[in-house]
Amino acid sequence: MIMGKERHVVALSGGKDSAALAVYLKHKHPDLDVEYVFTDTGCELPETYEYLDRIRAVLNIDITVIKPEKGWDDYWTLVKVKETPYGIFPYLPSPQQRWCTEVLKLQPYEQWVAKTFTDCIVHSYVGIRADEAADRKGMVTRNPLLETRFPFIEDGLALKDIERLLTDSGLGLPSYYSWRKRSGCYFCFYQSKREWLGLWRHHPDLYYRAMEYETYLPEKGIVFTWCQGISLGELLEKRDDFAILPEEGKNNTEYTVSPDNKLIKTLSHINQGGGGSNSVSVSITTRSDGRKTAEAP
Ligand code: SF4
């Protein structure tokens, strides 16, 4: 247990923004003692674990892996159930019922912070970019000792700056990026239909596993599907309606560690105000439940 001083934590998601944040902090504040953590839902893509390994190697850092006490299947089958005239059925999370993030990501992270740090102010850094703050609410934390920081918003860094940081550092993008744009669970309901079909092409076993969680009894009005209005079985039947994106399957990752001076140039460009040409001014607000959100005007 760590007591009585300020601590700094970056929660990596396995996606590009939090990875770029690790690069940014490491080079902008090389003396800062940062803890890197990853909350593992147990439902991650294999590419996510590969990318975390690459982050460890390229940045020469340790990453603490936090696991929820209960896994997805415990919540899905035992807790998140709905009673219907035809019996009790487990229901899936959705953008309106995003219970998965709460139980698989936020609570384990908060519990880890509470267990690991005592009497410390903990600066928790979040990789929300200046150009996405309007549509991405940063659900962060209820722990009063946690101070949420948004360096990309504070410094006006937008997507092109993040991509440059990743390229110049040699980290590149996660390899799933050629067919899917978000990190997270293989069954994440935020995937587009095309991304679901990307999962089927790249990880058919995971696609069929996701299918098993669906309840599709439209004649009884019981429809718990990952995509709105269509089951994964139907989506497969209609797959010819969804063209493969031209860039799918291309290796868009960068494995070569480029000379540090390239990254230093990028950082100095950003620090001189060259970054964030798409940036917007945002304000961080605290909601009534104590969570902080980043909002554009
Ligand atoms: S990645 Fe998607 S499914 Fe997984 S916890 Fe986050 S919102 Fe839920």
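Our structure is the block above this text.
Report on the accompanying structure.

Rules behind the numbers
Residues numbered from 1 in each chain as written. Predicted model: local features only at pLDDT ≥ 70, side-chain atom pairs only at ≥ 80, totals over all residues. Heavy atoms only, no water. Helix = DSSP H or I, 4+ residues; strand = E, 2+ residues; numbered from the N terminus. Buried < 20%, exposed > 50% of the residue type's maximum accessible area, 1.4 Å probe, protein only. Contact = heavy atoms within 4.5 Å. Areas by Shrake-Rupley, 256 points an atom, 1.4 Å probe, with all protein chains shown as cover. Axes fitted to C-alpha atoms, helices over the stretch in contact; angles between N-to-C directions. Parallel < 35°, antiparallel > 145°, perpendicular 65-115°, else oblique. Near = heavy atom within 4 Å. Nonpolar A, V, L, I, M, F, W, Y, C, P; charged D, E, K, R; others polar. Salt bridge = Lys/Arg side-chain N within 4 Å of Asp/Glu carboxyl O. 1 Å grid on protein atoms, 1.4 Å probe; cavity = no way out; pocket = protein on both sides within 12 Å on 5 of 7 lines; lining within 4 Å. Points joined across faces, edges and corners; volume = space filled by probe spheres on them. Pairing = 2+ DSSP bridges. Polar contact = N/O pair within 3.5 Å; in protein donor to acceptor, adjacent residues only side chain to side chain. Expected span 1.5 Å × (residues − 1). Core = buried A, V, L, I, M, F, W, Y, C linked by side-chain atoms within 4.5 Å.

## Details of the overall build of the protein
Stage number 1. Scanning the protein from terminus to terminus reveals 10 helices and 13 strands.
Stage number 2. The buried share of the protein, taken over its 297 residues, is 50%.
Stage number 3. Across the protein, the fraction of contacts at a sequence separation of at least 24, relative to all contacts at a separation of at least 6, is 73%.
Stage number 4. Put simply, the protein shows about 14600 Å² of open surface, and 50% of that area lies on carbon and sulfur atoms.

## Quick word on the packing of helix H7 (residues 193-202) against helix H8 (residues 204-212)
Stage number 1. Axis separation between H7 and H8 bottoms out at 5 Å; the angle between their running directions is 125°. By the angle class used here, H7 and H8 are oblique. Residues Trp196, Leu199, Trp200, Arg201 and His202 of H7 lie in contact with H8, whose contacting residues are Pro204, Leu206, Tyr207, Tyr208 and Ala210.

## Details of the site of the ligand
Stage number 1. By nearness alone, every residue bordering the ligand is listed as Arg98, Cys100, Thr101, Gly184, Cys185, Phe187, Cys188 and Phe189.
Stage number 2. By residue class, the composition of the shell around the ligand is 5 nonpolar, 2 polar and 1 charged.

## Focus: the pattern of salt bridges
Stage number 1. What the rule picks out here adds up to 12 salt bridges.
Stage number 2. For Glu35, the salt bridge goes to Arg7, with nearest N and O atoms at 2.8 Å. On the criterion of sequence distance, the pair formed by Glu35 in strand E3 (residues 34-39) and Arg7 in strand E2 (residues 7-12) is long-range, its members being 28 residues apart. Across this residue pair, the class does not change: Glu35 and Arg7 are buried.
Stage number 3. Via salt bridges that share partners, Lys16, Asp17, Arg129, Asp131 and Glu132 belong to a single interconnected network.

## Looking at the layout of surface pockets
Stage number 1. Considered as a void within the structure, the second largest pocket measures approximately 400 Å³ in volume.
Stage number 2. Taken together, 19 residues make up the lining of the second largest pocket; nearest its centre are Ser94, Pro95, Thr225, Trp226 and Gln228.
Stage number 3. In terms of residue class, the lining of the second largest pocket is made up of 9 nonpolar, 8 polar and 2 charged.

## Some remarks on the sheet that holds E3
Stage number 1. Taken in spatial order, the 5 strands line up as E4-E3-E2-E8-E9 in an open sheet, and their pairing is parallel. Of all strands in the sheet, those with a lone pairing partner are strand E4 (63-66) and strand E9 (146-149), marking the two edges. With strand direction ignored, the average angle separating the axes of adjacent strands in the sheet is 30°.
Stage number 2. In the packing of helix H1 (residues 16-28) onto the sheet, contacts are made with E2, E3 and strand E8 (122-125), and the angle to E2 comes to roughly 150°.
Stage number 3. Across the sheet, helix H2 (residues 46-59) touches E2, E3 and E4, and the angle it forms with E4 is around 150°.

## Overview of the side chain of Arg129
Stage number 1. In this fold, Arg129 is placed in the loop between E8 and E9.
Stage number 2. Only 3.1 Å separates the side chain of Arg129 from the side chain of Asp17, close enough to count as a polar contact.
Stage number 3. In this structure, Arg129 is in contact with Lys16, Asp17, Phe152, Ile153, Leu157, Ala158, Leu159 and Ile162, ignoring residues within four places of it in sequence.

## Overview of H1
Every α-helix carries 3.6 residues per turn, so stepping three or four residues along brings you back to the same face.
Stage number 1. Here H1 spans 18 Å end to end across 13 residues, near enough to the 18 Å set by a 1.5 Å rise per residue.
Stage number 2. Extensive coverage of H1 is indicated by the burial of 10 of its 13 residues.

## Details of the nonpolar core
Stage number 1. By size, the foremost hydrophobic cluster in this structure holds 61 residues, and its most contacted members are Ile55, Trp72, Tyr186, Phe187, Trp196 and Trp226.
Stage number 2. Top element by residues in this core is H1. It accounts for 7 residues.
Stage number 3. With residues up to four places along the chain from it excluded, the contact list for Phe187 reads Cys43, Trp72, Trp196, Ala210 and Trp226.
Stage number 4. Core analysis: the next-biggest nonpolar cluster, separate from the first, contains 10 residues, Trp112, Val113, Cys120 and Leu146 among them.

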